Amino acid sequence: MHRIFEISTSGPGLYEITRDVAGWVEGEGVLTLFVRHTSCSLVIQENADPEVQTDLAAFFERLVPPSDDASMSYLTHTYEGPDDMPAHIKAALLPTSLQIPVVEGRMMLGTWQGIYLFEHRRRPHRRLVVAMLR
Amino acid sequence: MHRIFEISTSGPGLYEITRDVAGWVEGEGVLTLFVRHTSCSLVIQENADPEVQTDLAAFFERLVPPSDDASMSYLTHTYEGPDDMPAHIKAALLPTSLQIPVVEGRMMLGTWQGIYLFEHRRRPHRRLVVAMLR
Amino acid sequence: MHRIFEISTSGPGLYEITRDVAGWVEGEGVLTLFVRHTSCSLVIQENADPEVQTDLAAFFERLVPPSDDASMSYLTHTYEGPDDMPAHIKAALLPTSLQIPVVEGRMMLGTWQGIYLFEHRRRPHRRLVVAMLR
């Protein structure tokens, strides 16, 4: 049982997909979510205060600045734009896939856990997430 | 086949759970461990020298200082304490779930690999880890 | 269905294993790759421009310098060499396991996604990766 979710993004930040995924799972097993890209990520994060998501994006922007920042002058893969190589680095630091146990048709998420696509590129993108339940 | 492990924590650092998990697995499959919180993590790390665990926690404390540190003044989600938003950031940087192949009733861990809950909050917490074997 | 892949490494950097893994998978399920070590990692990264891999390794070398670097003087686990504790830190920051959905005998990787072992130690190593398809 698998399905592909499409998420349209319009710049860096977190896009919640918890509801879409919750509506699809059933039965019992482990849900795997897998993003088919190397410049965005999947994360499980607090779903209560939106400031958590803003702060998260701000932290990663500081940890991995754009490649036209002086501190990143050692980077060589820069021809796809100043946000490209940093996006690959963030994609290494953050998950490409998530695994969530499912019991009686429901994901075993904690009360404050939401599922997010974390976009690292500035331009709009159409992102594909493969879901598989086994 | 699933089970929930409870771990009591008393401040930041690594808490080993290898033995508890090893005593529960059986047969063959992939073990998923999933932590139902956004301010702690699960990691696989060296189990030989306890200094590795101390050094790990020290590195992450420096990489993500408390929000009352001057370098973190851009953070906005600060009303739950100076260790709260940094805990969410560490929870994004480190795994929320682990997957370990199981063969003939044993996890395929390497000789030096142990399983740890990595607590990021200062106050005592009771943490829930869902284990599922498929 | 499981198998162990052996990868010989000769210093820090990314070693591609996509083709070996692709030749082994079949049918449908979720592929788990698990590395049995605490000083190397598994990552999914861009497979087009080799400079991405060089830049990735360069970023992590700066984020986690050798323990004989002045900025790392707080580390205590140093007797296995200046690249040892940083390797454990990188192994916490980067995945120990990967999960990839498999449909009709093929991994659902995106066009630009390759699978890599990321070696963090300087001396040559023989690395074991357990593959399991469920």
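The structure we're discussing is the one just above.
Here the structure is a predicted model, which means the values were calculated and not measured. (Residues numbered from 1 in each chain as written. Chains lettered and ligands numbered in written order. Predicted model: local features only at pLDDT ≥ 70, side-chain atom pairs only at ≥ 80, totals over all residues. Heavy atoms only, no water.)

**With respect to the sheet that holds strand β2 (residues 13-16) of chain A**
Residues and elements named next belong to chain A. As a reminder of what qualifies: The criterion for strand pairing is that DSSP finds at least two bridges linking the strands in question. A run of DSSP states H or I qualifies as a helix once it reaches four residues; a run of E qualifies as a strand once it reaches two. Both are numbered from the N-terminal end. For helices, the axis comes from a line fit to the C-alpha atoms of the stretch in contact; other axes are also lines fit to C-alpha atoms, and the angle between any two N-to-C directions lies between 0 and 180 degrees.
Strand order in the open sheet formed by three strands is β2-β7-β4, and the pairing between neighbours is antiparallel. The open sheet has two edge strands with one neighbour each: β2 and β4 (40-46). Put simply, the sheet's adjacent strands are angled 40° from each other on average, direction ignored. Where β2 lies against strand β7 (residues 113-119), four bridges are found, and the strand directions are antiparallel. From the neighbouring strand, Glu-16 faces β7, where its bridge partner is Tyr-116.

**A word on the relation of the copies chain B and chain C**
Counted only if it meets this: Here the copies were fitted onto each other by least squares, based on C-alpha atoms from residues at pLDDT of at least 70 in both. Pairs of residues are marked as contacts when any of their non-hydrogen atoms sit within 4.5 Å.
Note on the copies: chain B fits chain C at an RMSD of 0.0 Å, the axial shift is 0.0 Å, and the rotation between them is 120°. Taken together, these values place the two copies in the relation of a three-fold axis. It is Leu-93 of chain B whose C-alpha, among those of chain B, lies nearest the rotation axis, at 3.7 Å. Of all interface residues in chain B, a mere 13% are interface residues in chain C too; the two copies therefore contact each other through different surfaces.

**As for the interface of chain B and chain C**
By convention, interface size is frequently given as the accessible area that disappears when the constituent parts associate. The condition is simple: Take a side-chain nitrogen of Lys or Arg and a carboxyl oxygen of Asp or Glu: if they are within 4 Å of each other, that pair is a salt bridge.
Between chain B and chain C, the contact holds 30 residues from the first and 30 residues from the second. Linking chain B to chain C there are zero salt bridges. Looking at the side of chain B that touches chain C element by element, the count peaks at nine residues for helix α2 (residues 50-63) of chain B.

**Quick notes on the interface of chain A and chain C**
For the record, the criterion: Accessible surface is computed with a 1.4 Å probe, and the buried area is the amount of it that two parts give up when combined, taken over both parts together. Polar contact criterion, stated in full: a pair of N or O atoms within 3.5 Å, where within protein one must be able to donate a hydrogen and the other to accept it, and residues adjacent in sequence count only if both atoms are side-chain atoms. Classification convention: Asp, Glu, Lys, Arg as charged; Ala, Val, Leu, Ile, Met, Phe, Trp, Tyr, Cys, Pro as nonpolar; all other residues, Gly among them, as polar.
Counting residues at the interface gives 30 residues for chain A, matched by 30 residues for chain C. Here chain A meets chain C over a buried area of about 2,500 Å², counting both sides, of which 63% is carbon and sulfur. At the junction of chain A and chain C, the tally comes to zero salt bridges. On inspection of chain A and its partner chain C, the count reaches 13 residue pairs in polar contact (both at pLDDT 80 or more). Breaking the side of chain A that touches chain C down by element, the ones donating at least two residues are β1 (2-9), β3 (29-35), α3 (84-93), β5 (97-103) and β8 (125-133) of chain A. Residues belonging to the side of chain A that touches chain C are distributed by class as follows: 17 nonpolar, 10 polar and three charged.

**Details of the packing of α3 of chain A against helix α2 (residues 50-63) of chain C**
For any two helices packed against each other, one specifies the inter-axial angle together with the distance between the axes. Under the convention used in this document: Working rule for handedness: look at the near helix, and if it is turned counterclockwise from the far one by less than a right angle, call the crossing left-handed; if clockwise, right-handed.
Following both chains from N to C, one finds α3 of chain A and α2 of chain C inclined at 65°, their axes separated by 10 Å at the closest point. As α3 of chain A runs across α2 of chain C, the sense of the crossing is right-handed. Residues Met-85, His-88, Ile-89, Ala-92 and Leu-93 of chain A of α3 of chain A form the contact with α2 of chain C, whose own contacting residues are Val-52, Asp-55, Leu-56, Phe-59 and Phe-60 of chain C. Here the residues of the contact of α3 of chain A with α2 of chain C sort into eight nonpolar, one polar and one charged.

**Description of the nonpolar core**
For clarity, the threshold we go by: The set of buried Ala, Val, Leu, Ile, Met, Phe, Trp, Tyr and Cys residues whose side-chain atoms join them within 4.5 Å is what this entry labels a nonpolar core. Only protein chains enter the area calculation, which uses a 1.4 Å probe; residues under 20% of their type maximum are buried, those over 50% are exposed, and those in between are partly exposed.
Within the largest apolar cluster, 58 residues are counted, with the highest numbers of intra-cluster contacts made by Phe-59 of chain A, Phe-59 of chain B together with Phe-59 of chain C. In terms of residue count, α2 of chain B provides more of this core than any other element does, seven residues in total. Apart from residues lying up to four places away in sequence, Phe-59 of chain A is in contact with Leu-63, Val-64, Met-72, Tyr-74, Ile-89 and Leu-93 of chain B.

**Things to note about the sheet that holds strand β3 (residues 29-35) of chain B**
Residues and elements named next belong to chain B. On the basis of which strands lie adjacent, the open sheet formed by five strands has the order β1-β8-β3-β5-β6 and antiparallel pairing. Edge positions in the sheet fall to β1 (2-9) and β6 (106-107), since each has one partner strand and no second. Looking at chain direction, β3 and strand β8 (residues 125-133) are connected through five bridges and run antiparallel. The partner of Phe-34 across the bridge, within β8, is Val-130.

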